[in-house]
Amino acid sequence: MVYSALISPSRFTYYANQFTEASRAGLESARSIFASIALVDNVNISTFGVLTDAVVAMNSLSVALRSSYEFIFTNQYSTQPMESTFLGLSNHILKMSNLSINEYVSNNDLKVSSTYAKLSRIYGNVIDNSNIDLDL
Amino acid sequence: MSSNLNFAPLLHNITPERVVFCYRSDDADSLEIANYYKDARDIPLANFISLPCSDEQYISETDYISTIEMPIISALSGLGNKFTSSGQKEIWVIILGYNVPIAFYDMSDPYADPYDSNNLIAIASRLHRLGQVRFNKFSNFTYDRKDFQFFSMNDAENIFITAVLNGPNKSIVKKLIDRSIVIDNEQYITGKIYIDPYGKKSTTDQIDYQNDILDFVNNELTNLGLDYELTVKTVNNVDPMVRFFQHDSFYFGWFTPRYSKNLFLDQSEKRVFLYNADNDSAANIKSNFDVNGSDPWCNIAINLEKGYACCAGNVSNSDEDAYLRPRPFFEALHQGSTIGEAFLFSSPYVDWKTILIGDPLMVVNFLSPLPDNQNTHITTLSNNEVIRQIKESIEEALAYGFRQSRITSEINQNVVNSNNLSEEIYLLGPTTEWFRQKSEETQSNLFLRAINTFTQYIFKTTGLSISDWLIRQNEKISFFFNEVLGSASLPTNFVYSEGQWQYEISYIHPRQTREYIYFEIQVASNKGFTNILVNINSSESIDGWKYENEKFHFTQLSLDGFPSNFSGRRVRFISPTVNYLTRTELYYIRWRAIDTNNSAIIDWQVDSKRLIIKR
């Protein structure tokens, strides 16, 4: 049965946590690939038989990893659909309860992660420090 | 800086000020040797210790305490050593000089014959633990530290380097000192290393000892850049012997307790160090050659005209597990340790039976540089290790990417299933777009170039296809990695099982002990570890547990536990099927180290990074 109602605090918490996890996963993906770039420079080249070919291969790999990192990082930082999702949740709360997201969180004694708070701030919804749990 | 040291840079930390020389009171010859050594090594006169002891080789334990141990403690206290727990020690090296007894009779067993020669305890070995309660055959915490370190102030809190400069007469003892100085000044040592790996094979300790010598032969011997000669294993298990010694600079062997000086041929190469592991090589070093031509090994080493600078041996039966091990000995020497350090680092036990005879400050220079895997200044990695680590990094990056894809899909599905019109109006559009932009296909495309170039890199630098490389290295790839390979994807036997995971611990042993360690790992779904999903303990099962026995090479952990001398190396747990977790899920993980009494050596260490299941 379809109805129209303010989401429950537990459902808000679910969304807030999942938004946070999805956002963080993207950044962690970029960080992991970044870590591999430095590894290429750490090869003991004295073990190579044909040094020239090996160095060319090292350079190619280094360039490819760096390019992938930039590609992934840029992809993660194109936050438009993510921001729209965060904004959508705020607008739903505002429409159904006339509360800002900060007021909704305060009234229901909820906490959001710092990642969530940062992304909310991008579209102008500031969340008080007291409503942020740094452990989330 | 040691005098007469023309070539070798001092890599170790043993300065002359840290050495005391003990001589026998009212013994002009003993004092003469002390002065001879002082002049050779520039040790301060204040570091002479006069001992009111007998000139017998063996004394009672009571006499040992009153005429050797107590006077040394008193003198060292005057030189700034604190004999409290963790007290700072200014003096690190104790040398027992000419005519000072070498052993005392162990009186700890009231039923044993107090004057049985099997009950002798080496005084120099006892003095390693000077100031601590006597404990026969005490595990040496500096033994065979895989993460090499020179003897340090930290070590000195609980152990001393010791040596004996003694022999049949003062002329021969002076020669021992002279030989050390000459070897110190050799730009590099020449000659052969003679190795006799084969002896008895009746007990586990004997087989272990043979295996340890063979481990040295297989993994270290050729690094030294010296010629070598090995005895050959006999078919009928008769102890093989070196036929004769010529151009020998080192000898390391065991069992046959007597040999003939006549089988050491004349040569120009310097003789550096001799060790034969038996019961009494060093029991009678005050004697000259036997008239019948059958001598203990140390007597030959000391008394030969062109003799050895240093040797080591037992004063009585020590059991084979206490024999000196060649690999840590030679690795330490090659690093630039003094021979006193090398002897200590290769002695499994102290407070026991084995002594070093010769100048403990002697350093040996080898022509060959340290191999990369022992050179602590080299931080580069082998190509195979770099490939392995890059593969792991890419697999982790992929797992996070696919995690993002899964979560955005779940969010979108939840909105669809909400039945809440307002929720759908505001969230369906953006979550659908978010999911679309983070779909599995998008994630795969992000990694396409990196993975293709990576597989080309493997081929260009190793000559192997990725599948051949995986077989050669006994590795696999993750499911996501294989997905990105697309048409070049590998058969499933190259892919890790879904949900398998591994975790590595870099363990630094915080105690000054040599012991076995167990590890416990807990995986939880929450930060407070109240919902523990996996709880594993290496004392209960070693299934999945490995440790880094050689750098970058892992081997099965034994039920005994992880040996603390492997401190600095990694322990790896690869989850067996029963502990598989959910792919792309994140978990909290922590570990602790416990001793054999189940007491925490290192309490729970929560990993700051959650564990992602990438396989």
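Just so you know, these numbers come straight off a predicted model, no measurement behind them.

Participant: Can you break down the sheet that holds strand β5 (residues 103-105) of chain B residue by residue, with the values?
Facilitator: Residue and element names in this part refer to chain B. One open sheet accounts for three strands, arranged β3-β5-β6; its pairing is mixed. The sheet is open, and its two edges are formed by β3 (58-60) and β6 (120-122), each paired on a single side. Taking the axes of each pair of neighbouring strands and ignoring which way they run, one obtains an average angle of 35 degrees across the sheet. When β5 meets β6, the two strands line up antiparallel, connected through three bridges. Within the sheet, the bridge partner assigned to A103 lies in β6 and is A122. Most of the contacts of helix α2 (residues 61-78) go to β3, to which it runs at about 95 degrees, and overall it touches β3 and β5.

Participant: I'd love a proper account of helix α10 (residues 383-416) of chain B, names of residues and values included.
Facilitator: Between its first and last C-alpha atoms α10(B) spans 49 Å; for 34 residues at 1.5 Å apiece the expected length is 50 Å, and the two agree. Among the 34 residues of α10(B), 26 are classified as buried, and the element is accordingly described as predominantly covered.

Participant: Go over the nonpolar core with me, naming the residues and quoting the values.
Facilitator: Residues I72(B), I94(B), L96(B), F250(B), F273(B) and I357(B) are the most contacted members of the largest nonpolar core, which totals 117 residues. Among the elements that take part in this core, helix α5 (residues 170-185) of chain B stands out by supplying six residues, more than any other. Excluding its chain neighbours within four sequence positions, the residues that come into contact with I72(B) are C22(B), I49(B), L51(B), I94(B), L96(B), L127(B) and L130(B). One finds I72(A), I451(B), L464(B) and F480(B) within the second-largest nonpolar core, a separate group that totals 41 residues.

Participant: Explain the packing of helix α1 (residues 28-41) of chain B against α5(B) residue by residue, including any values.
Facilitator: Working note: a packed helix pair is described by the angle between its axes plus the distance between those axes. Residue and element names in this part refer to chain B. Look at α1 against α5: their axes get within 10 Å of each other, and the N-to-C directions meet at 10 degrees. Taken together, the axes of α1 and α5 lie roughly parallel to each other. Across from D29, E32, I33, Y36, Y37, A40 and R41 in α1, the residues of α5 making contact are K170, V173, K174, I177, D178, S180, I181 and D184. Residue classes in the contact of α1 with α5 are distributed as seven nonpolar, one polar and seven charged.

Participant: Give me unusual backbone geometry: which residues, what numbers.
Facilitator: For D109(A), which is not a glycine, the phi torsion comes out positive at approximately 55 degrees. Of note, D109(A) is situated in the loop between α4 (101-107) and α5 (114-122). Although it is not a glycine, H247(B) sits at a positive phi angle of roughly 65 degrees. Since its relative accessible area comes to 33%, H247(B) is described here as partly exposed.

Calculation rules
Residues numbered from 1 in each chain as written. Chains lettered and ligands numbered in written order. Predicted model: local features only at pLDDT ≥ 70, side-chain atom pairs only at ≥ 80, totals over all residues. Heavy atoms only, no water. Pairing = 2+ DSSP bridges. Helix = DSSP H or I, 4+ residues; strand = E, 2+ residues; numbered from the N terminus. Axes fitted to C-alpha atoms, helices over the stretch in contact; angles between N-to-C directions. Contact = heavy atoms within 4.5 Å. Expected span 1.5 Å × (residues − 1). Buried < 20%, exposed > 50% of the residue type's maximum accessible area, 1.4 Å probe, protein only. Core = buried A, V, L, I, M, F, W, Y, C linked by side-chain atoms within 4.5 Å. Parallel < 35°, antiparallel > 145°, perpendicular 65-115°, else oblique. Nonpolar A, V, L, I, M, F, W, Y, C, P; charged D, E, K, R; others polar.

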